[in-house]
Amino acid sequence: MIKAQILDGELQKHLDSINKDEMTMFVMADGQFRGAFLNGTRLVNQMRANQKTGILETMVLGQAVLCGALLIPTMKGREHLTFRYDTMGPAAGFSVEADSTGYVRGFLLQNRIPVEKPLENWDLTPFLGDGTVTISRIGEGMRQSQVGTVEIQYRNIAKDLAWYFQQSEQTKTAFNTSIQFDKEGRVIGAGGMFLQYVPNAGGKSKISAQTANSGAETKDSDADDLIRRAENAFKAMPSIGKWFADGGDMEDAIYGLFREFNPVAVLNRDIVFDCPCSLENYVEHVKHLPKKELDDIIANDPEPIEIVCHNCGSVYKITKDMLR
């Protein structure tokens, strides 16, 4: 990827003053929940610089790449996934890819999003119509992707992603993403949180198939109460974008919100907007076109030949000598 420079001096000064981008993964309630908290301020700013998105487009694609990053903790071993949102609304949707190595990339299906009147708030519902949420996963050694699709339910990216997990994978999951702009339209804070109930992963109150006489109803009630309390704590998180814009610390939020569940941070990792594309790869792709098509390009196309990677917005310039 050709990393676009962030040329706004004020923005760069602010980014240098706040905590670095990072994802903290944690478990709590004796392993019955796993979660992740992400500072993605630079992630979203790099995405914006590379994809040249406006404010509305940054809000949509920014939330999408934050959600994509929050899907990384759900991966098993070496895995790559695509999170696609196809909507009949003005935004059309997006495609975001995340990799277990820690990179995220993505693009809008329509950049620019048509706007009929000035925005009054950041409610994206009018721009996200009916459609589908699709996640495809491919792990190391797999020949085909595992694909799941559900209908859009809320016209809200984070809620619809949680709905996907409930319907397709039967897991209780929550996502929260937030982007904070300043008065000049700069992204000064961005991040997200993920929480998932995984009772079979551990804990003292595992739910298993039991008869009524052995206390199954009591255990179900206890599990429901635990989930309810965890959901309430999750919802109590203030604006994540503002939290990071103001220099907030990740572990302060995790241990503050979920203190009754004894959270334990288990891993910190870098998450970046990046793409494995390169000039060399695109040259090879063009050189392997059918000979007649390649000859026509060399004879008639203007030089240099420009190829844009839609996944990250990088523009590669290929000279005809590179194709001979």
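Let us look at the structure shown here.

What counts as what
- Residues numbered from 1 in each chain as written.
- Predicted model: local features only at pLDDT ≥ 70, side-chain atom pairs only at ≥ 80, totals over all residues.
- Heavy atoms only, no water.
- Core = buried A, V, L, I, M, F, W, Y, C linked by side-chain atoms within 4.5 Å.
- Buried < 20%, exposed > 50% of the residue type's maximum accessible area, 1.4 Å probe, protein only.
- Helix = DSSP H or I, 4+ residues; strand = E, 2+ residues; numbered from the N terminus.
- Contact = heavy atoms within 4.5 Å.
- Pairing = 2+ DSSP bridges.
- Axes fitted to C-alpha atoms, helices over the stretch in contact; angles between N-to-C directions.
- Parallel < 35°, antiparallel > 145°, perpendicular 65-115°, else oblique.
- Left-handed = near helix turned anticlockwise from the far one by under 90°.
- Nonpolar A, V, L, I, M, F, W, Y, C, P; charged D, E, K, R; others polar.

Looking at the nonpolar core
And then number 1: By size, the foremost hydrophobic cluster in this structure holds 67 residues, and its most contacted members are V65, F83, F94, V104, F175 and L323.
And then number 2: At 10 residues, helix α3 (residues 55-70) tops the list of elements feeding residues into this core.
And then number 3: When near neighbours in sequence (up to four residues on either side) are disregarded, F83 contacts A64, C67, G68, L71, F94, S95, V96, V133, T134, I135, I157 and L161.
And then number 4: Ranked by size, the runner-up nonpolar core spans 23 residues in total, among them L195, I227, F234 and F244.

Comments concerning unusual backbone geometry
And then number 1: The step from E303 to P304 runs through a cis peptide bond, and the omega angle for that step is 0°.
And then number 2: If you check the backbone angles, A29 has positive phi at about 55° while not being a glycine.
And then number 3: The topology assignment puts A29 in the loop between β1 (22-28) and β2 (33-39).
And then number 4: The backbone phi angle of Q170 is positive, close to 55°, even though this residue is not glycine.
And then number 5: On the basis of relative accessibility, which here comes to 60%, the residue Q170 falls in the exposed class.

Considering the sheet that holds strand β6 (residues 131-139)
And then number 1: Read across the sheet, six strands follow the order β7-β6-β3-β4-β5-β11 without closing on themselves; strand pairing throughout is mixed. With partners counted over all chains shown, the strands left at the sheet margins are β7 (146-151) and β11 (272-273), one partner each.
And then number 2: Direction of pairing for strand β3 (residues 79-87) relative to β6: antiparallel, over a ladder of nine bridges. Residue pairing across strands places H80 opposite I138, the latter belonging to β6.
And then number 3: Strands in contact with α3 are β3, β4 (93-99), β5 (103-108) and β11; relative to β4, the strand with the most contacts, it is inclined by about 30°.

Structural notes on the packing of helix α2 (residues 41-51) against α3
And then number 1: At their nearest, the axes of α2 and α3 sit 9 Å apart, and the two run at 130° to each other. Relative to α3, the element α2 is oriented oblique. Our pair here, α2 against α3, has a crossing hand that is right-handed. Across from L43, V44, M47, R48 and Q51 in α2, the residues of α3 making contact are I55, T58, L61, G62, V65, L66 and A69.
And then number 2: The residue inventory of the contact of α2 with α3, partitioned by class, reads eight nonpolar, three polar and one charged.

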